[in-house]
Amino acid sequence: MGGSVVTRFRPTVTTVGGLDRKRARSAFFMGVPIAVVLAVLSRLATSSWELPIGLLLIAILGAAIVGWIWLYLTNSSIALTAEHLLITDWRNSTTVIARADVSRLIRIGVRPFEGPPRQAVIAVDAANRSLFALGGAYDAAAIARSLSVPLSGSHDDVMSLREVNRRYPGAARSPVADPQRVLVFSAVGTVVLGVIAFVVWTAIRS
């Protein structure tokens, strides 16, 4: 893939949700068995499944969030070789992009569905197609210097997600995610799956 790694960038943030990598790992491996023990004890004490199931759903949500924080801080990185960028996400999945394809980096502000605008930096090719996007977790200026490409634009140039995708096609498929955004989606997704599992379990028992 273009030789050995020349430069490696990791997220400039060392904590997410107040947890660093070491604390998130400890909380994950200590919290799961504690939650299981509490669920078993509550079942023995109440002779009912309602409280244990509730505790397990809360534990699943907590484990998903803490586990994601741990994986994000452990796995996420951007490595530059002589010919390629190797972008690794929290799942330890790597996307390879040719350095020669990157024409410039552009600062923008992205307006989410709610809340304040998010800072982002989009890498585009010569045809203005998005190659990848960076949230606020990476040093975009240092990456631009290492790539020897210009860094332009301003985070004050706020646009909606639709406008971003129209102006820079492919931006929605970015391999680099904003940690806060992914954390929210992980929490919401876990809650939804937990509620569905609880409803199905209740229907089976009745």
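These lines cover the structure that appears in this document, whether it is placed above or below. Predicted, not measured: the structure shown is a model, and the values here were computed from it.

1. Things to note about the sheet that holds strand β3 (residues 84–88)
Okay, step 1: Taken in spatial order, the four strands line up as β1-β2-β3-β4 in an open sheet, and their pairing is antiparallel. Two strands in the sheet have a free side with no partner beyond their single neighbour: β1 (7–9) and β4 (94–98). Neighbour-to-neighbour, the strand axes of this sheet turn through a mean angle of 15 degrees, independent of strand direction.
Okay, step 2: Across five bridges, the pairing between β3 and β4 is antiparallel. Residue pairing across strands places T88 opposite T94, the latter belonging to β4.
Okay, step 3: The strands touched by helix α3 (residues 140–147) within the sheet are β1, β2 (77–80) and β3, with β1 carrying the most contacts at an inclination of about 160 degrees.

2. Structural notes on helix α1 (residues 21–46)
Okay, step 1: Relative to the 38 Å expected for 26 residues at 1.5 Å per residue, α1 spans 37 Å between its end C-alpha atoms, a close match to the ideal helical length.
Okay, step 2: The largest bend along α1 measures about 25 degrees and falls at G31, with the proline P33 one to four residues further on.
Okay, step 3: Buried within α1 are the following residues: A24, A35, A39 and S42.
Okay, step 4: Lining the buried residues of α1 we find α2 (50–75).
Okay, step 5: Taken from the residues just after α1, S47 is the one with a positive phi, measuring 55 degrees.

3. Here we look at the packing of aromatic side chains
Okay, step 1: In this structure the tally under the stated criterion is three aromatic pairs.
Okay, step 2: Measuring from ring centre to ring centre gives 5.3 Å for F28 and F29, while their planes differ by 90 degrees; the resulting arrangement is edge-to-face.
Okay, step 3: With a centroid separation of 6.0 Å and 40 degrees between ring planes, the pair formed by F28 and W70 is classed as tilted. Separated by 42 residues along the polypeptide, F28 in helix α1 and W70 in helix α2 bring together distant segments of the chain.

4. A closer look at the packing of α1 against α2
Okay, step 1: Where α1 meets α2, the closest approach of the two axes is 9 Å, and the angle between their N-to-C directions is 170 degrees. Classified by the angle their axes make, α1 and α2 are roughly antiparallel.
Okay, step 2: Tallied by class, the residues present in the contact of α1 with α2 amount to 18 nonpolar, four polar and three charged.

5. Describing the side chain of T88
Okay, step 1: If you trace the backbone, T88 turns up in strand β3.
Okay, step 2: A distance of 3.0 Å separates polar atoms of two side chains, one belonging to T88 and the other to T94.
Okay, step 3: Once you skip the residues sitting within four places of it in the chain, T88 turns out to touch N75, S76, S77, S93 and T94.

6. Brief notes about α3
Okay, step 1: Buried residues of α3: A140, A142, I143, A144 and L147, and no others.
Okay, step 2: In the stretch just after α3, S148 is the one whose phi turns positive, near 60 degrees.

7. Topic: the pattern of salt bridges
Okay, step 1: One pass over the structure, following the stated rule, counts two salt bridges.
Okay, step 2: When the shortest N-O distance is used, the salt bridge between R91 and D89 registers 2.7 Å.
Okay, step 3: Judged by relative accessible area, which is 11%, D89 ranks as buried.
Okay, step 4: Of the charged contacts in the structure, one is a salt bridge between R129 and D125, with a shortest N-O distance of 3.1 Å.
Okay, step 5: The exposure class assigned to R129 is partly exposed, which follows from its relative accessible area of 46%.

8. Description of the environment of S76
Okay, step 1: Residue placement: S76 occurs in the loop between α2 and β2.
Okay, step 2: S76 sits in the buried class, given a relative accessible area of 2%.
Okay, step 3: Residues S76 and T94, 18 residues apart in the sequence, show an inter-C-alpha distance of 9.4 Å.

Calculation notes
- Residues numbered from 1 in each chain as written.
- Predicted model: local features only at pLDDT ≥ 70, side-chain atom pairs only at ≥ 80, totals over all residues.
- Heavy atoms only, no water.
- Pairing = 2+ DSSP bridges.
- Helix = DSSP H or I, 4+ residues; strand = E, 2+ residues; numbered from the N terminus.
- Axes fitted to C-alpha atoms, helices over the stretch in contact; angles between N-to-C directions.
- Contact = heavy atoms within 4.5 Å.
- Expected span 1.5 Å × (residues − 1).
- Bend = angle between axes of the 7 residues up to and from the residue.
- Buried < 20%, exposed > 50% of the residue type's maximum accessible area, 1.4 Å probe, protein only.
- Phe/Tyr/Trp six-rings, centres within 6.5 Å; stacked < 30°, edge-to-face > 60°.
- Parallel < 35°, antiparallel > 145°, perpendicular 65-115°, else oblique.
- Nonpolar A, V, L, I, M, F, W, Y, C, P; charged D, E, K, R; others polar.
- Polar contact = N/O pair within 3.5 Å; in protein donor to acceptor, adjacent residues only side chain to side chain.
- Salt bridge = Lys/Arg side-chain N within 4 Å of Asp/Glu carboxyl O.

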